[in-house]
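Topology and contacts: notes
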Amino acid sequence: MNYDFSKIEAKWQKYWAENQTFKAENNSDKEKFYVLDMFPYPSGAGLHVGHPLGYIASDIYARYKRHQGFNVLHPMGYDSFGLPAEQYAIQTGQHPAITTKTNINRYREQLDKIGFSFDWSREVRTSNPDYYKWTQWIFIQLFNSWYNNDTNKAEDISTLIALFEKEGNATVNTVSDDDILVFTADEWKAFDTKKQQEILLQYRLTYLAETEVNWCPALGTVLANDEIINGVSERGGHSVIRKKMTQWSMRISAYAQRLLDDLNTIDWPQPLKDSQTNWIGRSQGASVTFNVLASEAKQSHQIDVFTTRPDTIFGVSFMTLAPEHELVATITTPEQKAEVDTYIQATAKRSERERMADVKTISGAFTGAYAEHPFTKEPIPIWIGDYVLAGYGTGAVMAVPCGDQRDYDFAKKFDIAIPNVFEGVDISEEAHADKDKTVIANSDFLNGLPYKKAMKLAIYELEKIGHGKGKINYRLRDAVFSRQRYWGEPFPVYYVDGMPKMIDAKHLPISLPEVEKYLPTETGEPPLGNATVWAWCTKENKVVDNSEINNETVFPLELNTMPGWAGSSFYFNRYMDPNNTEAIFSDDAINYWQDVDLYIGGSEHATGHLLYARFWQKFLFDKGVVPKNEFAKKLINQGMITGTSAFVYKDLKLYFTTDEKDKKQLSLNQHKFDQKWVISYNLLSNQEFLLKLFKNTKPSSPGALKLYEKVFNGTEKYIVKAAVNAIHADVSFVNASDELDVEAFKNWREEYKDAEFLLEDGKYIVGREVEKMSKSKYNVVSPDSICEEYGADSLRLYEMFLGPLEQSKPWNTAGITGTHGFLKKLWRLYIDDNGTKFTDAAPTKDNLKTLHKTIKKVAEDIENFSFNTSVSTFMICVNELSSQKCTSKEILEALAILVSPYAPHIAEELWQQLGHTTSIATAPFPAFDASHLVESSKEYPISFNGKMRFKLELPLDLSKEEIEATVMAHEKTIAQLQGREPKKVIVVPGKIINIVG
RNA sequence: GCUCGAGUGGUGGAAUUGGUAGACACGUUGGACUUAAAAUCCAAUGGACAUUAGUCCGUAUGGGUUCAAGUCCCAUCUCGAGUACCA
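Just so it is clear, the structure is predicted and the values come from calculations on it, not from any experiment. (Residues numbered from 1 in each chain as written. Chains lettered and ligands numbered in written order. Predicted model: local features only at pLDDT ≥ 70, side-chain atom pairs only at ≥ 80, totals over all residues. Heavy atoms only, no water.)

Take the overall build of chain A next. Scanning chain A from N- to C-terminus turns up 31 helices and 37 strands. Across its three principal axes, chain A shows a C-alpha extent of roughly 100 × 85 × 75 Å. Going through the 997 residues of chain A one by one, you find that 52% of them count as buried. Carbon and sulfur atoms provide 49% of the accessible area of chain A, an area that totals close to 46,000 Å². If you average the places of the 111 positive and of the 134 negative side-chain charges in chain A, the two averages end up 4 Å apart. (Helix = DSSP H or I, 4+ residues; strand = E, 2+ residues; numbered from the N terminus. Buried < 20%, exposed > 50% of the residue type's maximum accessible area, 1.4 Å probe, protein only. Areas by Shrake-Rupley, 256 points an atom, 1.4 Å probe, with all protein chains shown as cover. Lys, Arg positive; Asp, Glu negative; His and termini not counted. Charge placed at Lys NZ, Arg CZ, Asp CG, Glu CD.)

Let's shift gears to the protein's contact with RNA strand B. Taken together, 51 residues lie around RNA strand B, and Thr 308, Tyr 392, Arg 406, Ser 737 and Leu 802 are the ones closest in. In RNA strand B, atoms within 4 Å of the protein come from the sugar-phosphate backbone in 63% of cases. In the model, a phosphate oxygen of RNA strand B is placed 2.5 Å from a nitrogen or oxygen of the Ser 737 side chain. The side chain of Asn 879 places a nitrogen or oxygen atom 2.9 Å from a phosphate oxygen of RNA strand B. Among the secondary structure elements, those contributing two or more residues to the surface near RNA strand B are helix 10 (270–280), strand 11 (301–307), helix 25 (816–830), helix 26 (845–863), helix 27 (867–883), strand 35 (947–955), strand 36 (984–988) and strand 37 (992–996). Broken down by element, the surface near RNA strand B gets its largest block of residues, six residues, from helix 27. Tallied by class, the residues present in the surface near RNA strand B amount to 21 nonpolar, 15 polar and 15 charged. (Near = heavy atom within 4 Å. Polar contact = N/O pair within 3.5 Å; in protein donor to acceptor, adjacent residues only side chain to side chain. Nonpolar A, V, L, I, M, F, W, Y, C, P; charged D, E, K, R; others polar.)

What follows concerns a negative patch on the surface. Taken together, the side chains of Asp 957, Glu 961, Glu 962 and Glu 964 define an acidic patch exposed on the protein surface. With respect to the helices and strands, the residue Glu 964 is situated in helix 30 (residues 960–969). (Patch = residues over 30% accessible without salt bridge, like charges linked within 9 Å, V, L, I, M, F, W, Y side chains within 5 Å. Salt bridge = Lys/Arg side-chain N within 4 Å of Asp/Glu carboxyl O.)

Moving on: a nonpolar patch on the surface. Residues Ile 986, Val 988 and Ile 992 make up a contiguous nonpolar surface patch of roughly 190 Å² in combined accessible area. Considering the arrangement of structural elements, one finds Ile 992 in strand 37. Judged by its relative accessible area of 33%, Ile 992 falls in the partly exposed class.

So, on to the nonpolar core. Counting 218 residues, the largest nonpolar core has Trp 248, Phe 481, Tyr 599, Trp 616, Leu 740, Tyr 830 and Phe 867 as the members making the most contacts within it. Among the elements that line this core, the one with the most residues is helix 5 (residues 129–143), at nine residues. Of all hydrophobic cores here, the second largest spans 34 residues; its members include Ile 313, Leu 327, Phe 375 and Phe 422. (Core = buried A, V, L, I, M, F, W, Y, C linked by side-chain atoms within 4.5 Å.)

Following Leu 508, the chain continues into Pro 509 via a peptide bond in cis, with omega recorded as 0°. Within the element layout of this structure, Pro 509 appears in the loop between strand 19 (499–502) and strand 20 (535–537). Phi is positive for Lys 377, which is not a glycine, with a value near 65°. Residue Gln 594 is not a glycine yet carries a positive backbone phi of 60°. Here Gln 594 lies in the loop between helix 17 (587–593) and strand 23 (598–601).

Further remarks concern the packing of aromatic side chains. This structure, assessed with the given rule, holds 68 aromatic pairs. Here Phe 139 and Phe 481 contribute two aromatic rings whose centre-to-centre distance is 5.9 Å and whose plane-to-plane angle is 10°, an arrangement assigned as stacked. Taken together, the positions of Phe 139 in helix 5 and Phe 481 in the loop between strand 17 (479–480) and strand 18 (493–496) put the pair 342 residues apart, joining distant regions of the chain. Given the relative accessible area of 0%, Phe 481 is considered buried. (Phe/Tyr/Trp six-rings, centres within 6.5 Å; stacked < 30°, edge-to-face > 60°.)

With that settled, the discussion passes to helix 24 (residues 792–801). Within helix 24, nine of the 10 residues are buried, which leaves it mostly tucked inside the rest of the structure. Every buried residue of helix 24 is accounted for by Ala 792, Asp 793, Ser 794, Leu 795, Arg 796, Leu 797, Tyr 798, Glu 799 and Met 800. Of the residues one or two after helix 24, Gly 803 is the one with positive phi, at around 160°.

If the charged atoms of two oppositely charged side chains come close together, the side chains can form a pair. Applying the stated rule across the entire model yields 36 salt bridges. One salt bridge in this structure joins Arg 108 and Asp 112, with 3.1 Å as the shortest N-O distance. Of this pair, Arg 108 and Asp 112 are both found in helix 4 (residues 96–113), four residues apart, which corresponds to roughly one turn of the helix. Relative accessible area serves as the criterion here: at 27%, Arg 108 is assigned to the partly exposed category. On the basis of relative accessible area, Asp 112 is assigned to the partly exposed category, the value being 32%. Because the salt bridges share partners, they merge into one network encompassing Lys 32, Asp 595, Asp 597, Lys 628 and Lys 633.

This part is about the pairing of strand 37. Bridge count between strand 34 (residues 937–944) and strand 37: three bridges; the pairing is parallel. Bridge pairing in strand 37 links Ile 942 to Ile 993. In terms of strand pairing, strand 36 meets strand 37 through five bridges, oriented antiparallel. Directly across from Lys 984, in strand 37, lies its bridge partner Val 996. Where strand 36 folds back onto strand 37 in an antiparallel hairpin, the turn is made up of three residues, including Gly 990, whose phi is positive at roughly 85°. (Pairing = 2+ DSSP bridges.)

This brings us to the confidence of the model for chain A. Residues of chain A with pLDDT of at least 70 account for 96%, and the chain-wide mean is 88. Within the model, the stretch residues 662–668 combines pLDDT values under 50 with eight contacts to residues more than four positions away or in other chains. With a pTM of 0.90, the predicted complex shows an ipTM of 0.93. (pLDDT = per-residue confidence, 0-100. Contact = heavy atoms within 4.5 Å.)

In structure tokens:
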């Protein structure tokens, strides 16, 4: 009986589905283990072999944990709201729900073929109203909360109102909007409801505010900071401009410190933690207030700055404001107005991208105004410059040119003084930004102090005179939560007199309305503005026709939708109890499953999904909804699988040179053939071949003829070089030896129908290059085709065999014959043409040694996520057992279980052939017994001066002295030494012997 | 620029605490079987020299520590990822 993988795999996939083998129970005496994959966005292109890499790794781990007796939760679902489906809808009119469903079905089909042990009864789709009901629910919880810095957690908004009623807002310690009006308890009570609501919005964890946003005109929506890469949109690469809009925002800044601190409590990759740390961007320093010197006509103003170097405050020689700073217009003197206005206009025109690309150009303008130094009372000129960002800190800096390179460059350019406040430091060439070992000078009371002490004292003195205080600043901005798109979660929000009101949670979900067109309306409103049934009736508590809006009982609904990250910020919790209609999940479910034990996914989500999900988890933790402050204990980033592109070479041109290095001659003396040639890879550097080719096709043009004469009749020796155009060939036309199926290629590309292929040894060999897997490079390999040709087990093994999980590595289908051959060999260990081979024979010593060596290594490998090395271990094991002619059932049963997490189909089949009637999935993992590995002797490497010269088998119970004596007496040792007396003999029992001298 | 990661045969990679560099595969070469092909099996395969025995070189480069370095330290180069005027 042969290894018929397609029959076996179909059989067991059906068995698992019918028997719900991998259904996880929420009530179990077993210990829980939660293995999670980042759920995919179901794109129209389907999966390529790179996508399942992480899923295979997590599946191996999940299956291993089942063998270890855990109750394993291993779910899968779809992040099914998103831009591509909507873009497609705009182009074709097809409802995104339909495309999304089609894509999901295709994904499911592909996933099923690979044999994952997902509990599909728990599938979630973020675009499903049963699911986004809870996205909306969390939004309402955020709206009804504020952040209390005293208790350091989110609290219900009612506790804030109680505070206001008792003592106003002066003493409230919170994270809120910046420009907050201070009021007393009496004033609060006197405010009308609308005013009160406006004030509360400034404190809520999700709030509506006019913010400067990243507007992408091409996509017709705003983007979050993490959706912009190098100043253009992550999706599509469209330009992004800054624009003021009223938007929902999430007050993630309230959690900045906790998001930073708790990174220490989770086992996540360091690079990922680093990038979150970076993104949060905590910096410690002080805020300092400068008074603007009032010119006669004007009232006094103050400018707040944030600085990390209050110790250098005596080095301030000017101030710089962002061109957008609100005070610019007010303080600019009439004489400078024209210059300032010109500058502001010029910078406004430059896009974010230009500004970023052009860091070198220093530009700015003087406002004519002066501020007063808080200590020296000296006047300080106030400039504006676009190196100061409006969005960071206060949009203003105190410039200390001696200690900051940007300030230094600015001062040089505009000829501003550069006072030196560092002891013994030369600043004639550049600023001195180093903090350590720096001693402050020329700074009144700070003189002679090192950086740290000066910093403390400066803050103390600033506080004393009321001109500043210690402050911690974060780069992390509040996250814009509104998108002007159709295919996203609707907000459970309606507007009364311009103020947002939450729909009561019991009326959720608020389902996405139908629209005629998915584009913005003619008046520039988001696509939901096209909906005709999109108003909230407070009497009937349902969505009604827009015509019923009377702003008394029926009100307009919010037109924005939520961003892509909304639905993915809590799905891991929803999997615990995904079909619950009463609650986001039951108490039993969350208390049992708690959190994710292992999360596997791509590193591209470092500052998006993974930061937002941590934020929501912390919020839900504060509200007592979830028991854990962090949702995933351990996280692994799988590396990308790249493609191995194949190239053919056309448009052959020859260059002649007399010297390998003489590049000048290369550009002269060239000859292009008229023939339509496609030349094989190795011929490109074959002198003999190229010369012959040139000789045989004697050119007709005078120039080329001259060259011909020179090369063949001249006295000088020429080196010939080929230049070609490389074009991609579909990788499916290329075999394991890089040989191109020329006929298939010709049929694929009409224009090469009559081209002449210059072959080597009768073959056309392609060039190879590693590139990202993409349709346009014709290097995409789909898992379906691999499953069809080699089987899912071969695919699973091969994906793991390619290399370490975290590393990126190129895919080359050629190598899969290795793991496929292994499975055949494994099969033959159990079954051959005459049927099953296993017997009740007692295992031999060698059998046991091989098995237990394998058990030990594989268990260690899985725990360390070193899946590639286990595959080699299996190969070694099967090679050894084969040559031992092992037929022992005891050994073969254990081996089937070991292999089962990696190659589950063949393992199930062998398990059944061995006589079992239940699935192998929960068979206990074989126990390791070290006694089988105990050796009595060791083949010692004998080194001379560190170089291994020969090996010697010696009993392990010899003492150091005995070993040394035996080795020194050995004939090969004597031969090596050739009469020399060794200086030293190092003996490490059980390891090595090194003879020095 | 800054931060992090990585450089090992023709290729993917192994070497877990400093102790036999190149496991395991792919590819290549030769052989067996076959009318032939596929499949399968056997052997060789880092480089150079050598009839053999063996010798020398070899983990990006240059130094260092050590009886012993792919592994530790210093410097340099190259590639990849993230980030980018963050005051």
